[in-house]
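Chain by chain, the residues run as shown.
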Amino acid sequence: MKTLLSILVVALPIAFSGGAYAAAVAPKPLYRDPVYDGAADVSIIYDRTAKLWKMFYTNRRATMKLPDPDDVAWVHGTAIGVATSSDGLQWRYQGTVDFPKECTDVTQWAPELYYENGVYHMWLTVVPGIFHRWGAAGADVRIEHLTSTDLAKWDCESTLKLPNSGRLIDASVMKVGQGYRMWYKDDRAGSRILAADSKDLRTWTKISEQPVNPTRGEGPKAFRFNGYYWLIADVWKGLMVLRSDDALNWTEQPGYLLAEPGRKATDRAAGQHADVVVDGERAFIYYFVHQKNEAEAANDSRWHQRTVIQVAELVYKDGKLEVNRDADVAIPLRAPSP
């Protein structure tokens, strides 16, 4: 009996170890909002005080079944959701963000996070109300800049104002040289991506009246990886990829990332509006996927409204970015350098 008990005692840690290893693989879906099942448009940042990764995301009311199939009120009317993770692989819902009402409204989209010198910056797309049709009168979206020292309490800083622009959404910001550059979608420029520069993250000047690329798109994400600047944008049939030496002149990569559906459940539609986290020599893309091709959609005409978050590793090869969305992601994100 003692011998058998000894074997069991030795075997149990091995079994638990194996279970821990299995749990470290990112699940599919990576994350699902437990309230409305409409998580999208993520922005991921490391909380230096809590020592956790935090995912801020657009949270659409995807479970709503409105009588009019063309009614888009379900895409409006929710605050930004938050989930936390110690490794970037396993995520837990934390709630929603309570922004100051003086610079926001009931509909909040596409948060963009940037950290520098103890301050977290967010550029948030704000819609002044709940609307039932795209482009409805009064739906003049805008981008608001907010700041925080703890990712919980936020202060209003400024509203993005640029000449000859209107209906601006989906900011992406990064440091370029001694200043900062923002990419954004301008609905009144034919839904194309434009860029602006700033010295202080508050006052911005357009680089050009011309878009960075003639293709229509939204949800731009700029990042530095493998010696190049990259710009990824959602073109509604996958993700357009642009590469640059100077973050000004761009070359478009042939084809679109995540255009072909994955083989695994909940990942069987085009990837959309992504964030990219660069961790040393590796890069991970967090994207959302509509659930229109899942089995549940056969019996629920509104199942396509639901969206989930997925993750895959970006791979640099022969001057291009590639991604295998079906491959397991098991490498945990490391805390960024101070």
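Below is a short write-up of the structure. Treat the numbers as computed from the prediction; the structure is a model and nothing was measured. Once a new chain begins, its residue numbering starts again from 1 and follows that chain's sequence as written. In keeping with the predicted nature of the model, local features appear solely for residues at pLDDT of at least 70, side-chain atom pairs appear and are counted solely at 80 or more, and the whole-chain, interface and lining totals rest on all residues. Hydrogens and waters are ignored; side-chain quantities use all the structure's heavy atoms.

## Re the pairing of strand S6 (residues 119–127)
Inference 1: Each residue's exposure class comes from its accessible area (1.4 Å probe, protein chains only) as a fraction of the maximum for that residue type: buried when under 20%, exposed when over 50%, partly exposed otherwise. In this description a helix means any DSSP run of H or I spanning at least four residues, a strand means any run of E spanning at least two, and both kinds are numbered starting from the N terminus. By the criterion of burial, S6 is predominantly enclosed, with 8 of the 9 residues buried.
Inference 2: With 8 bridges connecting them, strand S5 (residues 107–116) and S6 associate as antiparallel partners. Paired with Tyr115 across the two strands is Tyr120, which belongs to S6.
Inference 3: Counted along the chain from S5 to the antiparallel partner S6, the turn is 2 residues long, and its residue Asn117 has a positive phi close to 50°.
Inference 4: Note: S6 against strand S7 (residues 142–148), 7 bridges, orientation antiparallel. Counterpart to His121 in the pairing with S7 is Thr147. Only strands that DSSP links by at least two bridges are regarded as paired with each other.

## Quick word on the packing of aromatic side chains
Inference 1: Only centres within 6.5 Å qualify two rings of Phe, Tyr or Trp (six-membered ring in Trp) as a pair; their planes then separate them into stacked at under 30 degrees, edge-to-face at over 60, and tilted for everything else. Within this structure, the stated rule accounts for 13 aromatic pairs.
Inference 2: Note on Trp230 and Tyr316: the rings are 6.2 Å apart at their centroids and 70° apart in plane angle, and the pair reads as edge-to-face. Remark: Tyr316 occurs in strand S19 (residues 307–317) and Trp230 occurs in strand S14 (residues 228–234); sequence separation between them is 86 residues.
Inference 3: Look at Trp230 and you get buried, because its relative accessible area is 1%.
Inference 4: For Tyr316, a relative accessible area of 25% translates into the label partly exposed.
Inference 5: Cation over ring: Arg48 sits above Tyr115, and NZ or CZ is 3.8 Å from the ring centre.
Inference 6: Ring-over charges, as used throughout, are those where CZ of Arg or NZ of Lys falls within 6 Å of the ring centre and within 35 degrees of the ring normal. Across the ring face of Tyr228, the terminal group of Arg243 is positioned such that the distance to the ring centre comes to 4.3 Å.

## Some remarks on the pairing of S7
Inference 1: Most of S7 sits out of view: 6 of its 7 residues are buried.
Inference 2: The sheet contact formed by S7 and strand S8 (residues 155–159) spans 4 bridges and is antiparallel. Bridge pairing in S8 places His145 opposite Ser158.
Inference 3: The antiparallel pairing of S7 with S8 creates a hairpin that spans 6 residues between the two strands, and Leu151 there sits at a positive phi of about 65°.

## Points about the pattern of salt bridges
Inference 1: We define a salt bridge as a side-chain nitrogen of Lys or Arg found within 4 Å of a carboxyl oxygen belonging to Asp or Glu. Considering all chains together, one arrives at 24 salt bridges under this definition.
Inference 2: One salt bridge connects Asp37 with Arg306, and the closest N-O pair in it is separated by 2.9 Å. Taken together, the residues Asp37 in the loop between helix H1 (2–23) and strand S1 (39–47) and Arg306 in the loop between strand S18 (282–290) and S19 connect sequence positions 269 residues apart.
Inference 3: Classification of Asp37 as buried rests on a relative accessible area of 7%.

## A few points about the nonpolar core
Inference 1: One finds Leu30, Tyr31, Ile44, Met55, Trp91, Tyr286 and Ile309 to be the most contacted residues of the largest nonpolar core, which totals 22 residues.
Inference 2: Among the elements of the structure, S1, strand S2 (52–59), S18 and S19 are those that each provide at least two residues to this core.
Inference 3: Of all the elements, S1 adds the most residues to this core, at 5 residues.
Inference 4: In this structure Ile309 touches Pro29, Leu30, Tyr31, Ala39, Ala40, Val42, Met55, Tyr287 and Phe288, once residues within four positions along its chain are discounted.
Inference 5: Note on terminology: a nonpolar core comprises buried Ala, Val, Leu, Ile, Met, Phe, Trp, Tyr and Cys residues joined through side-chain atoms within 4.5 Å. Among the nonpolar cores identified, the runner-up in size contains 18 residues, and Leu239, Ala274, Ala283 and Tyr287 belong to it. Two residues form a contact once any of their heavy atoms are found within 4.5 Å.

## Here we look at the sheet that holds strand S12 (residues 205–206)
Inference 1: Strand order in the open sheet formed by 4 strands is S9-S10-S11-S12, with antiparallel pairing between adjacent strands. Every other strand in the sheet has two partners, leaving strand S9 (168–176) and S12 as the edge strands with one partner each.
Inference 2: With 7 bridges connecting them, S9 and strand S10 (residues 179–186) associate as antiparallel partners. Bridging from a neighbouring strand, Leu168 pairs with Asp186 of S10.

## Let's talk about the side chain of Lys221
Inference 1: Looking at the secondary structure, you find Lys221 in strand S13 (residues 218–225).
Inference 2: A 3.5 Å cut-off defines polar contacts: any pair of N or O atoms within that distance qualifies, except that in protein one atom must be a possible hydrogen donor and the other a possible acceptor, and neighbouring residues in sequence count only when both atoms are side-chain atoms. A polar atom in the side chain of Lys221 sits 3.1 Å from the side chain of Asp275.
Inference 3: Each residue touching Lys221, except ones within four places of it in the same chain, is listed here: Glu112, Ser172, Trp230, Leu231, Ile232, Ala274, Asp275 and Val276.

## A look at the state of the cysteines
Inference 1: Counting rule for disulfides: a pair of cysteine sulfur atoms within 2.5 Å. Tallying each qualifying case throughout the model produces 1 disulfide.
Inference 2: Here Cys103 is linked by a disulfide to Cys156, with a sulfur-sulfur distance of 2.1 Å. Disulfide Cys103 to Cys156: torsion about the S-S bond roughly -80°, handedness left-handed. Note that Cys103 is positioned in the loop between strand S4 (92–96) and S5 and Cys156 in strand S8, a separation of 53 residues in sequence.
Inference 3: A residue is classified by how much of its surface remains accessible, and Cys103, at 5% relative accessible area, is buried.
Inference 4: On the basis of relative accessible area, Cys156 is assigned to the partly exposed category, the value being 29%.

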